[in-house]
Amino acid sequence: MPALIISVSPQARTSYLALASIGRRAFSNAGAQHSSYHRSDFSGQGFTGTYEPGEPTGGPLGAASVVGAPRVTPVALKQHLDQFVVGQERAKKVLSVAVYNHYQRIQELQRLEDEQAELEAQAQRRELAHRHPVEDEFPGQQPTMRVYPSQPQPSPSSPSPLEAPQLLDTTPLQIEKSNILLLGPSGVGKTLMAKTLARVLDVPFSMSDCTPFTQAGYIGEDAEVCVQRLLAAANYDVAAAESGIICLDEIDKIATAKVAHGKDVSGEGVQQALLKIIEGTTLQIQAKPERGGSGRSPGSNPGSAGGFPSSNPLDGARGHGSGASSSSPPGGKGEVFSVRTDNILFICTGAFVGLHKMILDRISKGSMGFGAPVRTANPESGAHDTMIKGEDELFKKHLPYFVAAEPEGLPNPFAPRPAKRQQMFNTLDLIEPSDLQKYGMIPELVGRIPISCALSALDEEALVRVLTEPRNSLLRQYEQLFHLSSIELRFTNGALREVAKSASGMGTGARGLRTVLERLLGECMFETPGSPVKHVLITQDVARLKSAPLYFQRGQSHNFHATIAQEEEKWEEQLRENEGPASEVNSFEEYRKKGLVAGAGGFM
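Residues numbered from 1 in each chain as written. Predicted model: local features only at pLDDT ≥ 70, side-chain atom pairs only at ≥ 80, totals over all residues. Heavy atoms only, no water.

Taking an unreviewed UniProt entry as the reference, the chain is identified by name as ClpX, ATPase regulatory subunit belonging to Melanomma pulvis-pyrius CBS 109.77.

What follows is the structure in structure tokens.
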């Protein structure tokens, strides 16, 4: 096939070259023009850094707390205690602050552990940044060629042999715990406050009685039992138990006693055993099953035989009550747990009978000299023996904390000057570590409990409040007990006052209220269930044991309420008679009239 030959004239060739040069120049000029649009992001920049979530926050939130707002505050804890404990304001504040600080310590320790773990993870990521996963998992492979070899880290300059080497300690700041001691007469609320906080805390809590404690190797319980109970309360979770709270009740019972022969195994020996436990050590705790837990199948109830249900109504309640408290170790009987007590808060409570006499001897409040107050050996009541009155200057001089003065209102110039009422003071508020050492506590143990707070004895006014104000007050308990039998129980104000008066003379604090109520209501609780009686009224004469309780049957509700109103009117008249006639002057005319009647032109 012959080839096709196309001939181009010189004029056409010149025109084609000219058009091609013009096109290239136009395209090059259009590409050189810059657009007026500018992007606002950083897509044009290269990768300049990394983001680490554990780094501190910058900007306006740089100074914010790293743990956030606290869920529990001292004010919230005290408000919760106010619902169950009457009075004892300073003790509730001190205990609330101690528990709150324990929460803060646990949160800070957890934050430091998380921060250390994050730093270790970052270091591992940096080490693995220039390594190949195949070479790590399968040794012996050919090394991979690195396009961007890692830069060698500059070695620190070696110190001069003439310079002394510097010791660097990079450990973070550690907040030490502050154990607390609550002391006061029996029945004022020491144990109740600890139990009340235990119901709302998110940390494990256990309470141990120091009375059966003995030195290791003797008959009795070892001091390590308190940590074992805390571990059982934490369901054998060691991490949770190491941040728990232990309440050592009746710690005054392990005071040093003078023995004629041998060692004091239940006093000073126990205190020495508690030293390292309170300060912080590692204990080897062997898990032990609860007493009475063996010999029963896991699926059977305590009151059932062979796992079958029982018709006894008490078996069900007993089963529900014991199922929550009994816990068995997860690893069997012989498993051993290592528990550190460095971060466990210890709350110690005790009555310390007779300690107030040592305090009075220290501040030189004796009965020597003319006009000196006589300190009787047998006070009016055993519960009020720690209270003194009429010693304002002496009390304020030795008080170890500041007390703000009460603001006084504007006085009425026409009113007579009221009689100054003597204020009651608690002698145990003046306690010092030397007093505890004199009582029988060794100095090493006293130094490990830096906070001490005294609780005041309860007078009649406080006992009446204990009867009525708390959420689980005794009056509500007995009213609910009668209500289960469809019976309404009522107390008049005069009867409540007589009950509190009888309980205050027993010397057992608030525990005496239950004794008095059981004596008053014992016959009622025997006769009224299953009878036509629907209302029971306790009046002042009934509380004085001068008459029997008043019973009202169905249909006598009107007489029941009328009797209550009559008794209340009688009680108010009795209060007005005790207060005496009112002698307050509210105007200048009354002041002038009384002055003319007196014959002296005014009041002397």
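Participant: Tell me about the sheet that holds strand β9 (residues 451-454), and name the residues and values.
Facilitator: Within the open sheet, the 5 strands sit side by side as β2-β3-β6-β1-β9. Their pairing is parallel. The outermost strands of the open sheet, each flanked by one partner alone, are β2 (205-209) and β9. Direction aside, the axes of adjacent strands within the sheet are offset by 20° on average. Where β2 and strand β3 (residues 245-249) come together, 5 bridges link them in parallel fashion. Residue Ser-206 lies in a different strand from β3, and its bridge partner there is Ile-246. Its contacts with the sheet put helix α3 (residues 89-127) on β1 (180-183), β3, β6 (345-350) and β9, and the angle it makes with β9 is roughly 150°. (Pairing = 2+ DSSP bridges. Helix = DSSP H or I, 4+ residues; strand = E, 2+ residues; numbered from the N terminus. Axes fitted to C-alpha atoms, helices over the stretch in contact; angles between N-to-C directions. Contact = heavy atoms within 4.5 Å.)

Participant: Break down the side chain of Thr-214 for me, with residues and values.
Facilitator: By the secondary structure assignment, Thr-214 is in the loop between β2 and α6 (225-233). In this structure, Thr-214 is in contact with Ile-219, Gly-220, Glu-221, Asp-222, Ala-223, Val-265 and Val-270, ignoring residues within four places of it in sequence.

Participant: Got a sec to walk through a negative patch on the surface? Specific residues and values, please.
Facilitator: There is a patch of like negative charges on the surface, built from Glu-569, Glu-572, Glu-573 and Glu-577. Within the secondary structure layout, Glu-572 lies in helix α19 (residues 557-579). (Patch = residues over 30% accessible without salt bridge, like charges linked within 9 Å, V, L, I, M, F, W, Y side chains within 5 Å. Areas by Shrake-Rupley, 256 points an atom, 1.4 Å probe, with all protein chains shown as cover. Salt bridge = Lys/Arg side-chain N within 4 Å of Asp/Glu carboxyl O. Lys, Arg positive; Asp, Glu negative; His and termini not counted. Charge placed at Lys NZ, Arg CZ, Asp CG, Glu CD.)

Participant: Which residues make up the pairing of β3, and what are the values?
Facilitator: In regular strands, side chains alternate between the two faces of the sheet. With respect to burial, β3 is a largely interior element, 5 of its 5 residues being buried. Residues Ile-245, Cys-247 and Asp-249 point to one face of β3 and Ile-246 and Leu-248 to the other, with burial holding for every one of them. Taken together, the 4 bridges between β3 and β6 define a ladder with parallel strand orientation. Along β6, the bridge assignment pairs Ile-245 with Leu-345. (Buried < 20%, exposed > 50% of the residue type's maximum accessible area, 1.4 Å probe, protein only.)

Participant: Please provide a residue-by-residue account of the confidence of the model for the chain, values included.
Facilitator: Parts of the prediction with low pLDDT should not have their coordinates interpreted in detail. Scored by pLDDT, the chain has a mean of 75; 64% of the residues are at 70 or more. A low-confidence stretch, residues 600-604 stays under pLDDT 50, and its non-local contacts, those more than four residues away or across chains, total 7 contacts. (pLDDT = per-residue confidence, 0-100.)

Participant: So, the packing of aromatic side chains: which residues are in play, and what are the values?
Facilitator: Under the counting rule described, the total for this entry stands at 3 aromatic pairs. Ring centres of Phe-552 and Phe-560 lie 5.5 Å apart, and the angle between their planes is 70°; this geometry places the pair in the edge-to-face category. In this structure Phe-552 comes out as buried when scored by relative accessible area, which is 10%. We classify Phe-560 as buried; its relative accessible area is 0%. The ring of Phe-84 has Arg-199 lying over it, and the distance from NZ or CZ to the ring centre is 4.9 Å. (Phe/Tyr/Trp six-rings, centres within 6.5 Å; stacked < 30°, edge-to-face > 60°. Lys NZ or Arg CZ within 6 Å of the ring centre and 35° of its normal.)

Participant: An account of the packing of helix α14 (residues 460-468) against helix α15 (residues 474-483) is needed here, citing residue identities and associated values.
Facilitator: The relative placement of two packed helices comes down to the angle between their axes together with the axis-to-axis distance. Put simply, α14 and α15 touch, their axes get as near as 4 Å, and they point 35° apart. Facing Val-466, Leu-467 and Thr-468 of α14, the residues of α15 in contact are Leu-474, Leu-475 and Arg-476. Grouping the amino acids of the contact of α14 with α15 by side-chain chemistry returns 4 nonpolar, 1 polar and 1 charged. (Nonpolar A, V, L, I, M, F, W, Y, C, P; charged D, E, K, R; others polar.)

Participant: Requested: an account of the packing of α15 against helix α17 (residues 511-527), with residues and values cited.
Facilitator: Running from N to C, α15 and α17 cross one another at 20°; their axes reach a closest spacing of 11 Å. For the element pair α15 / α17, the angle class is roughly parallel. Taken as a pair, α15 and α17 cross one another with a handedness that is right-handed. For the pair α15 and α17, contact is made by Leu-474, Gln-477, Tyr-478, Leu-481 and Phe-482 and by Leu-513, Arg-514, Leu-517, Glu-518, Leu-521, Cys-524 and Met-525, respectively. (Parallel < 35°, antiparallel > 145°, perpendicular 65-115°, else oblique. Left-handed = near helix turned anticlockwise from the far one by under 90°.)

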